[in-house]
Amino acid sequence: MQAWPTPPVPDVPGLGPQPRLHDTASGVLRPVEPGDEARLYVCGVTPYDTTHLGHAATYIAFDVLHRSLLDAGHDVAYVQNVTDVDEPLLERAARDGVDWTALATDQIALFHADMEALAVIPPRHYVGVVESMEEIAAVVREIDASGHAYLLPVDPNDPQGPADVYLDTLSLGGVGEVTQAGRGELLALSAERGGDPGRAGKRDPLDPLLWRAERPGEPAWDGGSLGRGRPGWHVECTAIARRYLGAPIDVQGGGSDLVFPHHEMSALQSRAIDGGPFARCYAHQGMVALHGEKMSKSKGNLVRVSTLREAGVDPMAVRLAVLAHHYRDDWEWFDSDLDAARARLDRWRSAVALPAGPGADGCVRAVRAAVAEDLGTPRALAAVDRWVDAALSVGGDDPQAPSLLGRLVDRVLGVRL
Ligand code: 5CA
Ligand code: ZN
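A brief report on the enclosed structure follows. Source: prediction; values computed, not measured. (Residues numbered from 1 in each chain as written. Chains lettered and ligands numbered in written order. Predicted model: local features only at pLDDT ≥ 70, side-chain atom pairs only at ≥ 80, totals over all residues. Heavy atoms only, no water.)

Let us now look at the side chain of Thr179. With respect to the helices and strands, Thr179 occurs in the loop between strand E7 (163-167) and helix H5 (183-192). A polar side-chain atom of Thr179 sits 2.4 Å from a polar atom in the side chain of Glu264. Discounting chain neighbours no more than four positions away, the residues touching Thr179 are Leu186, Val259, Phe260 and Glu264. (Helix = DSSP H or I, 4+ residues; strand = E, 2+ residues; numbered from the N terminus. Polar contact = N/O pair within 3.5 Å; in protein donor to acceptor, adjacent residues only side chain to side chain. Contact = heavy atoms within 4.5 Å.)

Structure follows, in structure tokens:
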């Protein structure tokens, strides 16, 4: 699938430090230590009700990681999927009486326009599920051949009829590689996030669906020995990440609502294939809320980037409002966030337009260091504020400094001044 255009990334002399990132699986900060290229996979949108500020926060956070890796001198292989067929998309299309493929196409276009406006660097490989059906089915067959899958007939009274395929989590030692939570919580999360812990006949209630046999009225593809059907949600990301990056990848990213079951199961499925780890680091954006609750498509409490853009809001102010929060914190959106970001953007623009300013080398080092240390964007913004305050109050005699600051903020934070 074609991604959105790449924004220009200006040069700044020198290199940033090696990034360190909090790993959800181990609970510690880890250096991202890529080989010849950094391999980053971030879970993409299910294309309906895009792009709300929670989505934007996730893709901006991993864009800052992308930029920080580039700034440290790495080549970055970034892969992102598009869940362009799945239950919630089909349900929304049915609810609204529209064709599910048309809904997906429109929403993908909107997502691209938002990402471009927010100056997010596109992934190198941007991959839809529908266009990857053969590869995903092949991965399900591989998991099946490894002995870590089992069949469950669609109709319990017809054991020889069409069957769904499930991952046998217990045969892999059970869950717990990525998630630290008790059994009761895991069962609740599974039910809440697309699983079917109550389905009779499963070896373990947490086992996720790998392949759903065709049902009347539902889209289906040829799965070879699996029969006609479509993949379960988690296996799309295992298959796409392994195909374009190979395992283990350096970073698996997404919002914290994906820790369980999605990232746990993606990892377990990869282990079923090769016995090894799926990712060296699992990084998660905290949840953005509105009116006291997680911003979510199912609840409908959304602020969309496109709505703000249509109202004339500068997308760089939206980006700055997001960057003012640390990516691991849960936070709530208020209109005052935008007012503060606009005021900051105006001050930064005034300062970089000056003919000269105070020396900027210290600020360059501080911003690079803050971002490389677990994407510390609030500290990076504070460092820029200090230089801007000095430039606007006492001034300075370095004619290179304002332009250097402008390029730094654009390169590392993705904020075009
Ligand atoms: N297609 C799947 C991933 S394979 C999916 O979760 N799609 S999504 O459209 O629901 O979400 C897209 C991304 O935004 C995911 O990484 C998700 O974790 C993140 N996200 C969703 N809601 C929020 C929120 N309120 N705050 C922060 N991030 C969010
Ligand atoms: Zn995913």
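Moving on, we come to unusual backbone geometry. Of the consecutive residues Thr50 and Thr51, the connecting peptide bond is found in the cis state with omega at -20 degrees. Residue placement: Thr51 occurs in the loop between strand E3 (37-42) and helix H1 (53-71). For the bond running from Ala247 to Pro248, omega is 0 degrees, close enough to zero to count as cis. Residue position: Pro248 is located in the loop between helix H6 (233-244) and strand E11 (249-255). The backbone of His291 sits at a positive phi, close to 55 degrees, despite the residue not being glycine. Its place among the elements puts His291 in the loop between strand E13 (288-290) and strand E14 (293-294). Given a relative accessible area of 68%, His291 falls into the exposed group. (Buried < 20%, exposed > 50% of the residue type's maximum accessible area, 1.4 Å probe, protein only.)

This part takes up the site of ligand 1. Around ligand 1, the structure places 24 residues, and the nearest of them are Gly44, Thr83, Gly255, Asp257 and Lys297. Here Gly54 contributes a backbone N or O atom positioned 3.1 Å from a nitrogen atom of ligand 1. Counting only elements with at least two residues in the shell around ligand 1, the list comes to H1, H6 and E11. It is H1 that contributes the most residues to the shell around ligand 1, four residues altogether. In the shell around ligand 1, the residues fall into nine nonpolar, 12 polar and three charged. (Near = heavy atom within 4 Å. Nonpolar A, V, L, I, M, F, W, Y, C, P; charged D, E, K, R; others polar.)

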